[in-house]
Amino acid sequence: MSVAFIFPGQGAQVTGMGKDFYEQTETGRRVFDKASELLGFSMPELCFEPDETLDLTEYTQAAMVTTSIAMMKVLMEQKGIAPDVAAGLSLGEYCALAAAGAMSEEDAITAVRERGILMQQAVPAGIGGMAAVLGMEAAAIEAVLEEIEDVQIANYNCPGQIVISGKKEAVELAGEKLKGAGAKRVIPLNVSGPFHSRMLAEAGRELGKALEQVEIYPLKIPYVANVTAEYVTDEKEIKGLLERQVSSSVRWQQSVEAMVAAGVDTFVEIGPGKTLSGFMRKINRNVRTVNIEKVEDLEKI
């Protein structure tokens, strides 16, 4: 058996996420309390109490990484399971780096907090937008987007679900053209910015400067980078990939396919929701997927 740990990204956050890990395990509690200490606000309050702040990018990202890391550490301790490879969707890549031993959990949490602030500030609200394109092949979407400036593919999630991102008007125009070219549906997303588009290139450069202060350790296991959908084994590549990731397409489907091709047959999704498990069913039905979002889910392992 070859196991991959995979971690969800923004949009999977939900009030109450990780609460049982905090209340029922010492390890989970320690991760949440450490995050509060590092960031200067109460992470349990942000994650467990109804609060619209949880949906603000500058808070969401740190909250998601804290929650997923807490769950992962409890899983590894209680079940003695370790991954052979790790990957994460967008901000989930920081959890994958922690799983791979390349980044300390403290640095993963503080780096992603900085990332969230930079992404939130990069483009004034209302200027950019994103939309999910359903029921259309990637190549057909790429062909349509070639003729429209200021819009690009942000996420290759799974067959039949691709996200586009860019200037609001360009995303709207692309949506009309894609429907005309055969897309089943184009759904505008309720997001605060044009994530994973060229409009965030400056935010990526600023993140690169912030990452200069972060220590990257030799990888204990490989991880699969969003930008290339390839296995990374050389820690010297990591900071450059994280900088590019902010304004590049997230090649999630291709990342999963690379792991399956390398022999991974069991995927463990760690974090709130079942988004990645849903993608897995459309990418490859022949692999096992287990989702860990509650303490009782540990019994599935």
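Data block above holds the structure.
Quick look at the structure, then. (Residues numbered from 1 in each chain as written. Predicted model: local features only at pLDDT ≥ 70, side-chain atom pairs only at ≥ 80, totals over all residues. Heavy atoms only, no water.)

**A few points about the layout of surface pockets**
Then comes step 1: The computed volume of the largest pocket comes to approximately 650 Å³.
Then comes step 2: Mapped onto the lining of the largest pocket, the elements with two or more residues apiece are α4 (57-79), α6 (105-122), β3 (128-134), β4 (151-158), β5 (161-167) and α12 (275-283).
Then comes step 3: Classifying every residue of the lining of the largest pocket by side-chain character gives 12 nonpolar, 14 polar and two charged.
Then comes step 4: Here the second largest pocket is characterised by a volume of approximately 300 Å³.
Then comes step 5: For the lining of the second largest pocket, the elements supplying multiple residues, two or more each, are β3, α8 (168-180) and β6 (185-188).
Then comes step 6: When residues in the lining of the second largest pocket are grouped by element, the largest group, six residues, is from α8.
Then comes step 7: Partitioning the lining of the second largest pocket into residue classes produces eight nonpolar, five polar and four charged. (1 Å grid on protein atoms, 1.4 Å probe; cavity = no way out; pocket = protein on both sides within 12 Å on 5 of 7 lines; lining within 4 Å. Points joined across faces, edges and corners; volume = space filled by probe spheres on them. Helix = DSSP H or I, 4+ residues; strand = E, 2+ residues; numbered from the N terminus. Nonpolar A, V, L, I, M, F, W, Y, C, P; charged D, E, K, R; others polar.)

**Quick look at the packing of aromatic side chains**
Then comes step 1: Enumeration according to the criterion identifies four aromatic pairs in this entry.
Then comes step 2: Geometrically, the ring pair formed by Y22 and F32 is edge-to-face, given 5.8 Å between the ring centres and 85° between the ring planes. Note that Y22 is positioned in helix α1 (residues 19-24) and F32 in helix α2 (residues 26-39), a separation of 10 residues in sequence.
Then comes step 3: Overall, F32 belongs to the buried group, its relative accessible area being 0%.
Then comes step 4: For the ring pair F41 and Y59, a centre distance of 5.2 Å and an interplane angle of 70° mean the geometry is edge-to-face. One end of the pair, F41, is in the loop between α2 and α3 (43-48); the other, Y59, is in helix α4, with 18 residues separating them in the sequence. (Phe/Tyr/Trp six-rings, centres within 6.5 Å; stacked < 30°, edge-to-face > 60°. Buried < 20%, exposed > 50% of the residue type's maximum accessible area, 1.4 Å probe, protein only.)

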